[in-house]
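Commentary on secondary and tertiary structure
Chain by chain, the residues run as shown.
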Amino acid sequence: MHQEDKLKLDNLDVELIKLMQEDMPLVERPFLEISEKLNISEKEVISWINRSLKSGLMRRFGARISHRKIGIDVNPMIAWKIPESNIEECGNILAKNPEVTHCYERATSEEWPYSIYTMIHCKSKSEADRIAKSLSDQINITDYILLYSIRELKKTHMAYFAEKNK
Amino acid sequence: MSDEKTIKLTEVEETLLEKIQHNFPIVEKPFDELGSQLGISGQEVIKILQKLKSEGIIRLIGGVFDPRKLGFKGTLVGLKVDNAHIENVVERINKCHGVSHNYLRDHEYNLWFTLIMPTKEEIDAFIDDLRKEEGVISLVELPAKRIFKIDVRFKVKE
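This one's a predicted model, so the numbers in the text were calculated from it and none came from an experiment. All chains use their own residue numbering, which begins from 1 and follows the written sequence. Here the convention is simple: chains get letters from A, ligands get numbers from 1, in the order in which they are written. Under the rules for a predicted model, residues below a pLDDT of 70 receive no local features and side-chain atom pairs below 80 are neither given nor counted, while totals for whole chains, interfaces and linings still include all residues. Here the side-chain values reflect all heavy atoms present in the structure, with hydrogen atoms and water set aside.

A few words on the overall build of chain A. Helix and strand assignments come from DSSP, with helices taken as H or I runs of at least 4 residues and strands as E runs of at least 2, each series counted from the N terminus. Looking only at helices and strands, one finds five helices and six strands in chain A. Starting at the N terminus, the α and β elements of chain A follow one another as α-α-α-β-β-α-β-β-α-β-β. Our radius of gyration looks at C-alpha atoms and nothing else; its globule reference is 2.2 Å times the residue count to the power 0.38. Computed over its C-alpha atoms, the radius of gyration of chain A comes to 20 Å, more than 25% above the 15 Å expected for a compact globule of 166 residues. If you line up chain A on its principal axes, its C-alpha atoms span 55 × 40 × 30 Å. Residues classed as buried in chain A amount to 51% of the 166 residues present. Contacts: residue pairs with any heavy atoms within 4.5 Å of one another. Within chain A, contacts between residues separated by at least 24 positions form 60% of all contacts whose residues are at least 6 apart in sequence. Of the roughly 8,300 Å² that chain A leaves accessible, carbon and sulfur atoms contribute 48%. Only four residue types enter the tally: Lys and Arg on the positive side, Asp and Glu on the negative side, with His and both chain ends excluded. Where a charge lies is defined by one atom per residue type: Lys uses NZ, Arg uses CZ, Asp uses CG and Glu uses CD. Looking at chain A, you have 25 positive and 26 negative side-chain charges, and the mean spots of the two groups are 4 Å apart. Each residue is placed in one exposure class: buried if its accessible area under a 1.4 Å probe, protein chains only, is under 20% of its type's maximum, exposed if it is over 50%, and partly exposed if it falls in between. What sets the accessible areas is the Shrake-Rupley method with a 1.4 Å probe; for residues, cover comes only from the shown protein chains.

Put into structure tokens, the structure is as follows:
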């Protein structure tokens, strides 16, 4: 992507990222507990989180849930073959659908011509097929493939700046 | 699809799960705040969260960072791997700390994983090695050109 996306981070930012990406303690004042590890105040931690959410450094703060455990266990990726000139319009339309959690334009090649990727999450294959058909109708593109997941082989959160990260 | 069984939730659990995916209060006493929204105590909120964690419904409560803002590079990789070698290839991929998601998918390109690393050079080196792995017939690397949407929130309530 673009080089200018990178934010300037100091040592305290890095230390906060390392702590905030881990599971927060379930205690009355979790941010106080985190602040004590860094010898800063609870207020500083709270305002850092708010600043990070505003700058986009942190996309969100909250719970990551295992959707498979609550019955949302059909999670196909849909790859769309869309002419270059329509990518922007189609991407915006697809992204408006609440069923779509991720919508990306990706590099194409002769071997692999699909340009837009959407992730959808639902409870059955028939529901997934129906959503895919609806998305297809909305953008008037019929050239797409549904890549159903057969098995989750790995799912974990990224640990940035961790020593093991090599 | 999956071998995990679906767990039934109470209404309070469902409401709490919806709230904490995106509206986690960033205040001194977040669990008290959630409790007051739900009409229960902060201690009760903590008890429910502990239970949902032990059941594996909540993986983690914390920050989700944008790799690009941290200066990291990311990509999506799809592989066509012959079945005889798939286990070894999966092991090779999963060992890498930059791989956060890896799925077996119902397609000729049967393995799909996301890769996030500090530099493009490290991504290229990892992918070059992977191409040489026994059983890898073909590999496509699909770096993102544009993000139209990332909004991972799951509807818990019907």
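There's plenty left to go through after this.
For helix α3 (residues 42–55) of chain A, which comprises 14 residues, the first-to-last C-alpha distance of 20 Å matches the rise-based estimate of 20 Å (1.5 Å per residue) to within 8%. Buried residues of α3(A): A:Glu42, A:Val45, A:Ile46, A:Trp48, A:Ile49 and A:Ser52, and no others. Taken around the axis of α3(A), the buried residues stretch over an arc of 160°, which confines them to a single face. Exposed residues pointing more than 90 degrees away from the buried face of α3(A) are listed as A:Lys43, A:Arg51 and A:Lys54. Where the residues of α3(A) are buried, they touch α1 (11–20), α2 (30–37) and β1 (58–65) of chain A together with β1 (58–65) of chain B. A:Gly56 lies just past α3(A) and shows a positive phi near 90°. Take the residue count of a helix, subtract one, and multiply by 1.5 Å to get its expected span. Relevant arc is that of directions from the helix axis to the C-beta atoms, nothing else.

The next subject is the packing of aromatic side chains. Working definition: rings of Phe, Tyr and Trp (its six-membered ring) pair if their centres are within 6.5 Å, and the pair is stacked with planes under 30 degrees apart, edge-to-face with planes over 60 apart, and tilted otherwise. Inspection of every chain in the model, using the stated rule, returns eleven aromatic pairs over all chains. On the numbers, 6.2 Å between centres and 90° between planes, the contact of B:Phe113 with B:Phe126 is edge-to-face. Placement of B:Phe113 in strand β4 (residues 111–117) and of B:Phe126 in helix α5 (residues 120–132) is noted, with a sequence separation of 13 residues between them. Residue classification places B:Phe113 among the buried residues on the basis of a relative accessible area of 1%. An aromatic cluster of three or more residues is present, and its members are A:Phe31, A:Phe61, B:Phe24 and B:Phe31. A cation over an aromatic ring shows up here: B:Arg105 above the ring of B:Tyr103, its NZ or CZ 4.9 Å from the ring centre. Both a distance and an angle decide whether a charge sits over a ring: NZ of Lys or CZ of Arg must be within 6 Å of the ring centre and within 35 degrees of the ring normal.

Turning our eyes to something else, we now look at the layout of surface pockets. Residues are said to line a cavity or pocket when one of their atoms sits within 4 Å of a point; the points come from a 1 Å grid over protein atoms alone, cavities being sets where a 1.4 Å probe fits but cannot get out and pockets being open sets with protein on both sides within 12 Å along at least five of seven lines. Grid points are joined across faces, edges and corners, and a volume is the space filled by probe spheres set on the points. One number sums up the size of the second largest pocket: a volume of about 520 Å³. Every residue lining the second largest pocket is counted, 20 residues in all, and those nearest its centre are A:Pro98, A:His121, B:Arg153, B:Phe154 and B:Lys155. Counting residues per element, the lining of the second largest pocket draws most heavily on helix α1 (residues 11–22) of chain B, which supplies three residues.

Moving on, we get to the domain arrangement of chain B. Residue ranges assigned to the domains are those given by an automatic or database domain assignment. In terms of domains, chain B is made up of domain 1 (11–54) and domain 2 (67–142). Each of domain 1 of chain B and domain 2 of chain B was reduced to a C-alpha centroid, and the two centroids are 37 Å apart.

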